[in-house]
Each structure stands twice: as structure tokens, then as C-alpha cells.
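Structure assessment
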Amino acid sequence: MPAPQDGPLLDDAAGRLIRPYTVINGRTRPSTMLDLLSLIMATGSEPQSHLGPEHTVALGLCDGPMSVAEIAAHLRLPAVVTKVLLSDLVDCGAVTAHAPAFHDMPTDRHLLEAVLDGLRRQL
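In this report, the structure presented in the accompanying data block is examined.

Moving on, we get to the pattern of salt bridges. Inspection of the entire model under this criterion finds 1 salt bridge. Put simply, Arg 109 and Glu 113 hold a salt bridge, and the shortest N to O gap is 3.0 Å. With Arg 109 and Glu 113 both in helix 5 (residues 109–122) and 4 residues apart, the pair spans about one turn of that helix. Note on Arg 109: relative accessible area 61%, which makes it exposed. Looking at Glu 113, the relative accessible area reads 36%, which means it is partly exposed.

And the structure:
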């Protein structure tokens, strides 16, 4: 599988040759609700419809569970564009999406204060 930067849609000197919204045909909303931390995984079934090169690369990234944010970073696309691409793959049955599992753990106030203090020192 070629890396996303190896395709005809990216040029080392010029950058992206087409605008991200053209990748998703101008759509702005995914058909499936996805969070940046949603885990995406390939089902192994082949999509019945023709998909674009970004769809193919995204599908190739999903051999193991991968978050929407990670996929967006690999594709070098904005998160909203990636969500639309992934929702297309969910709709055709090529991938599954699972919401991240959050445990009901109480927030450690001391930890949050330490993080805030560290951020203040950096500024």
C-alpha cells in the first residue's frame, strides 16, 4: 500500500494539489456520528461501490483499531473531511466504528492542578 504522500494528490513542493472539500464532493457532514477518538477497524469485506484514493488509503490504515484523529493525521486531511470519508466506509460496510470506552473514574484534582501549573510555566 502506498503512503498517502506518494499519490498524485500531493506534491512535495506544492503540497496538496486539490482542496480537501473536493475529496468528499463538497459534503460537510458525515452520515455516521464519529468522535475524534472513535476507533475504526476494517471488516474485511470489499466495498461494492467505487471509492476514491483517500478512501482506499484510509481503509488500508484500518487493519487494526485506529482512531479518527490518527487516520486524519496519516491522510493529512482535516478531521471533518476524514469523518466524511470514514462514514462512507461505514455506510458500505468496509469498516466499523466504535465509540471510545470511558471509565467512570473520578477526576484527580491534584493531577489537573499539576498540569495547569506546568502549562503556566511554559507560557
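With that out of the way, let us pick up the nonpolar core. Ranked by size, the top nonpolar core spans 19 residues in total, and within it Ile 40, Ala 58, Ile 71, Leu 75, Leu 86, Leu 89 and Val 95 carry the most contacts. Mapped by element, the contributors of at least two residues to this core are helix 2 (53–61), helix 3 (68–75) and helix 4 (79–91).

Quick look at unusual backbone geometry now. Residue Arg 76 is not a glycine yet carries a positive backbone phi of 60°. Position of Arg 76 among the secondary structure elements: in the loop between helix 3 and helix 4.

This part takes up the pairing of strand 3 (residues 39–42). Every other side chain in a regular strand lies on the same face of the sheet, so the side chains alternate between the two faces. Taken together, the 2 bridges between strand 3 and strand 4 (residues 66–67) define a ladder with antiparallel strand orientation. Looking at the pairing, Leu 39 lines up with Ser 67 of strand 4. Both strand 3 and strand 5 (residues 95–98) contribute to a ladder of 4 bridges, which runs antiparallel. Paired with Ala 42 across the bridge in strand 5 is Val 95.

Two orientations exist for strands paired in a sheet by backbone hydrogen bonds: parallel and antiparallel. The sheet built from 3 strands is open, its strands ordered 4-3-5 with antiparallel pairing. Bordering the open sheet on either side are strand 4 and strand 5, each of which pairs with just one other strand.

For the rest of this paragraph, the subject is the environment of Pro 100. If you trace the backbone, Pro 100 turns up in the loop between strand 5 and helix 5. When the C-alpha positions of Pro 100 and Leu 39 are compared, they lie 6.6 Å apart, and in sequence the two are 61 residues distant.

With their axes 10 Å apart at the nearest point, helix 2 and helix 4 run at an angle of 75° to one another. By the angle between their directions, the pair helix 2 and helix 4 is classed as roughly perpendicular. For the pair helix 2 and helix 4, the contacting residues are Glu 54, His 55, Ala 58 and Leu 59 in the first and Leu 85, Leu 86, Asp 88 and Leu 89 in the second. Taken together, the residues that form the contact of helix 2 with helix 4 break down as 5 nonpolar, 1 polar and 2 charged.

Cut-offs and rules
Residues numbered from 1 in each chain as written. Predicted model: local features only at pLDDT ≥ 70, side-chain atom pairs only at ≥ 80, totals over all residues. Heavy atoms only, no water. Salt bridge = Lys/Arg side-chain N within 4 Å of Asp/Glu carboxyl O. Helix = DSSP H or I, 4+ residues; strand = E, 2+ residues; numbered from the N terminus. Buried < 20%, exposed > 50% of the residue type's maximum accessible area, 1.4 Å probe, protein only. Core = buried A, V, L, I, M, F, W, Y, C linked by side-chain atoms within 4.5 Å. Pairing = 2+ DSSP bridges. Axes fitted to C-alpha atoms, helices over the stretch in contact; angles between N-to-C directions. Parallel < 35°, antiparallel > 145°, perpendicular 65-115°, else oblique. Contact = heavy atoms within 4.5 Å. Nonpolar A, V, L, I, M, F, W, Y, C, P; charged D, E, K, R; others polar.

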